[in-house]
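The chain contents come next:
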Amino acid sequence: MTDSPTKLQSSARRYDLDWLRVFAILLIFIYHCGRFFDHGWWHLKAEQRNVIASAFSLFGEQWGLHLLFLLSGAGLWFTLQTYSVSQNILGRLKRLMIPFLFGVFVLAPPQVYFERLRSAEFHGSFLQFYPHYFEGFYFFGGNFSWMGHHLWFLPYLFLLSLLATPLFLYLQKEEGQRTLARLAAVGEKRGGIFLLALPFVIIQMSLRPLFPDHASLADFLLWLVCLVMGYVIIAEPKLHAAIVRRGKLALALAMLCSAIIVGWLLSPNAPAPAYRLPYLALMALRGFNLWFWLVAILWLGNTFLNFNHRVLQYGNEAVLPFYMLHQTIIITMGYYVLQQGWPMLATYLFIAASSFLAVVLIYELLVRRFNLMRWLFGMKPGKAL
């Protein structure tokens with residue numbers, strides 16, 4: 001049995017998705033550079049806080065990580081066309097969990113060290129601190145970062161991909177293909193593509209009042225839906241085409257909703273988590289806004305980024321190592337730069353520029369060129385350089 005033209009089109013290399021993955025990691029980098037200055041909790045904080053930094057943080061939190069899970073779901077469609085389920089699981093185990101464990105013992109300790117120095121809870125060198133890293137669990141009064149600080153994303157992605165695999169296998173069958181066709185039929189109707197926001201709205205309204213914290217059950221289910229949606233969008237080209245047709249409208253709605261949400265959350269009247277109308281209305285808006293942004297970003301990628309380039313080839317391979325390294329470097333740089341007493345904008349720009357340069361140099365000189373390091377950072381073996 002031969003593949004249909006749409007199936008062949010889906011299995012072709014999607015450069016737009018690769019570009020979006022690179023840009024998503026860069027956005028997370030920019031976001032974390034600004035976390036020193038917003039009004040929320042973070043590992044290290046500047047003395048100066050700024051409402052613009054808070055607004056940018058709230059804006060990025062609406063869709064940044066969700067985009068990564070959506071793109072990961074799209075990537076799973078491609079790997080399941082080439083490799084068996086067991087090969088996929090083993091590949092994900094190597095690519096995600098080995099880097100995670102490496103990060104827990106190597107990349108997270110410096111972050112905790114500089115946190116403890118900043119709060120005057122420890123005095124001494126990093127080598128003196130490292131044995132204390134294993135004293136108690138982070139978030140429970142201790143130091144051991146059992147979730148690897150920012151690297152929690154890796155085990156979450158591994159677990160979510162395992163949970164979603166039975167559904168992906170179902171969607172490959174004839175009955176699952178009919179389900180995808182029905183979903184595409186809904187998306188092709190006028191305004192139908194925006195009905196796909198309902199799972200996000202339902203999760204936000206039903207669970208967020210009980211689980212308002214980051215990476216709680218509400219987020220876990222949102223990310224699972226994003227992972228599944230990423231797979232479905234690539235598995236059903238008609239659905240992706242419907243998304244692209246509504247991209248401009250989605251972008252306009254996303255910008256409007258984001259302005260309302262960020263302004264609402266920063267206002268004195270921001271509602272507290274509760275099963276009350278103001279908070280539920282805010283959560284419904286957040287659910288729709290998340291989907292608006294995902295649709296808009298997929299449209300932008302399809303319209304402007306569907307091309308190959310050597311920068312993309314380099315960046316696509318560097319995505320995971322860059323993500324693994326970035327927060328450790330940002331916090332290290334931030335610890336020293338914050339002590340200089342510079343104006344906030346100068347501090348931010350110096351931290352961002354120096355951290356980016358340091359991450360690229362470490363990747364290029366210490367990670368990319370050595371197969372052992374490539375393995376620890378979730379990369380495939382490379383040719384000797």
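For clarity, every value in this text was computed on a predicted model and none was experimentally measured.

A. The overall build of the chain, seen in detail. Secondary structure assignment for the chain yields 16 helices and zero strands. Over its C-alpha atoms the chain spans a radius of gyration of 21 Å, differing by no more than 12% from the 21 Å that the globule rule assigns to 385 residues. By principal-axis analysis of the C-alpha atoms, the chain measures approximately 65 × 60 × 35 Å. Relative to its 385 residues, the chain shows a buried fraction of 52%. A separation of at least 24 residues holds for 75% of the contacts in the chain among residues at least 6 apart in sequence.

B. Fine view of helix α4 (residues 64-82). With 19 residues, α4 extends 28 Å between its outermost C-alpha atoms, agreeing within 8% with the 27 Å of an ideal straight helix rising 1.5 Å per residue. Within α4, 15 of the 19 residues are buried, which leaves the element mostly enclosed by the surrounding structure.

C. Spotlight on the confidence of the model for the chain. In the predicted model, the chain carries a mean pLDDT of 94, and the fraction of residues at 70 or more is 96%. Within the model, the stretch residues 1-10 combines pLDDT values under 50 with nine contacts to residues more than four positions away or in other chains.

D. Molecular detail of the nonpolar core. Core analysis: the biggest nonpolar cluster contains 123 residues, and Phe36, Phe153, Phe200 and Trp291 have the highest contact counts within it. Counting residues per element, this core draws most heavily on helix α10 (residues 217-235), which supplies 14 residues.

E. Representation of empty space enclosed by the protein in the model. Enumeration according to the criterion identifies three cavities of 30 Å³ or more in this entry. In this model, the largest cavity occupies a volume close to 80 Å³. The wall of the largest cavity is formed by Leu76, Leu80, Val85, Asn88, Ile89, Arg92, Ser161, Leu162, Thr165 and Phe168. Counting only elements with at least two residues in the lining of the largest cavity, the list comes to α4, α5 (85-118) and α7 (153-172).

F. Main features of the pattern of salt bridges. A complete count under the given rule lists ten salt bridges for this structure. Two residues, Asp16 and Arg14, come together in a salt bridge whose shortest N-O distance is 2.7 Å. Of the two residues examined, Asp16 and Arg14, each falls in the buried class. Several salt bridges converge on common partners, so that one network encompasses Arg35, Asp38 and Lys45.

G. The arrangement of unusual backbone geometry in detail. Not every positive phi belongs to a glycine, and Ala120 is a case in point at roughly 60°. Secondary-structure assignment places Ala120 in the loop between α5 and α6 (126-129). Unlike most non-glycine residues, Phe139 shows phi in positive territory, near 75°. Looking at where Phe139 falls in the secondary structure, it is placed in the loop between α6 and α7.

H. Structural context of the side chain of Arg208. With respect to the helices, strands and loops of the structure, Arg208 is situated in the loop between α9 (198-207) and α10. A polar contact is formed between the side chain of Arg208 and the side chain of Asp219, at a distance of 2.8 Å. With residues near it in sequence (within four places) discarded, Arg208 still touches Ile203, Asp213, Ser216, Ala218, Asp219, Leu222, Pro273, Tyr279 and Met283.

I. Expanded view of the packing of aromatic side chains. Overall, the coordinates contain 48 aromatic pairs when judged by the stated rule. For the ring pair Phe114 and Tyr336, a centre distance of 5.7 Å and an interplane angle of 75° mean the geometry is edge-to-face. With Phe114 in helix α5 and Tyr336 in helix α14 (residues 310-337), this residue pair connects regions lying 222 residues apart in the sequence. The exposure class of Phe114 is buried, given its relative accessible area of 7%. Relative accessible area serves as the criterion here: at 47%, Tyr336 is assigned to the partly exposed category. When the centroid spacing of 5.3 Å and the interplanar angle of 65° are considered together, the rings of Tyr133 and Phe144 count as edge-to-face.

J. Looking closely at the side chain of Ser161. Counting through the fold element by element, Ser161 comes out in helix α7. With residues near it in sequence (within four places) discarded, Ser161 still touches Leu76, Arg92 and Leu227.

K. Inspection of a nonpolar patch on the surface at higher detail. Taken together, the side chains of Trp41, Phe137, Phe139, Phe140 and Trp146 make up a nonpolar region of the molecular surface, amounting to roughly 670 Å² of accessible area. Trp146 sits in the partly exposed class, given a relative accessible area of 36%.

L. Representation of the packing of α9 against α10 in the model. At a minimum axis distance of 9 Å, the contact between α9 and α10 shows a crossing angle of 175°. The angle between α9 and α10 falls in the class roughly antiparallel. Residues Pro199, Phe200, Ile203, Gln204 and Leu207 of α9 form the contact with α10, whose own contacting residues are Leu217, Ala218, Leu221, Leu222, Val225, Cys226 and Met229. Taken together, the residues of the contact of α9 with α10 break down into eleven nonpolar, one polar and no charged.

M. Summary view of the packing of helix α11 (residues 237-245) against helix α13 (residues 277-304). Interaxial distance between α11 and α13 falls to 8 Å at its minimum, and their mutual angle equals 95°. Considering the angle they form, α11 stands roughly perpendicular to α13. Listed contacts from α13 to His240, Ile243 and Val244 of α11 are Trp291, Val295, Leu298, Trp299 and Asn302. Considered class by class, the residues forming the contact of α11 with α13 number six nonpolar, two polar and no charged.

Here is what the cut-offs are and how they apply
Residues numbered from 1 in each chain as written. Predicted model: local features only at pLDDT ≥ 70, side-chain atom pairs only at ≥ 80, totals over all residues. Heavy atoms only, no water. Helix = DSSP H or I, 4+ residues; strand = E, 2+ residues; numbered from the N terminus. Rg over C-alpha atoms; globule rule 2.2 N^0.38 Å. Buried < 20%, exposed > 50% of the residue type's maximum accessible area, 1.4 Å probe, protein only. Contact = heavy atoms within 4.5 Å. Expected span 1.5 Å × (residues − 1). pLDDT = per-residue confidence, 0-100. Core = buried A, V, L, I, M, F, W, Y, C linked by side-chain atoms within 4.5 Å. 1 Å grid on protein atoms, 1.4 Å probe; cavity = no way out; pocket = protein on both sides within 12 Å on 5 of 7 lines; lining within 4 Å. Points joined across faces, edges and corners; volume = space filled by probe spheres on them. Salt bridge = Lys/Arg side-chain N within 4 Å of Asp/Glu carboxyl O. Polar contact = N/O pair within 3.5 Å; in protein donor to acceptor, adjacent residues only side chain to side chain. Phe/Tyr/Trp six-rings, centres within 6.5 Å; stacked < 30°, edge-to-face > 60°. Patch = residues over 30% accessible without salt bridge, like charges linked within 9 Å, V, L, I, M, F, W, Y side chains within 5 Å. Areas by Shrake-Rupley, 256 points an atom, 1.4 Å probe, with all protein chains shown as cover. Axes fitted to C-alpha atoms, helices over the stretch in contact; angles between N-to-C directions. Parallel < 35°, antiparallel > 145°, perpendicular 65-115°, else oblique. Nonpolar A, V, L, I, M, F, W, Y, C, P; charged D, E, K, R; others polar.

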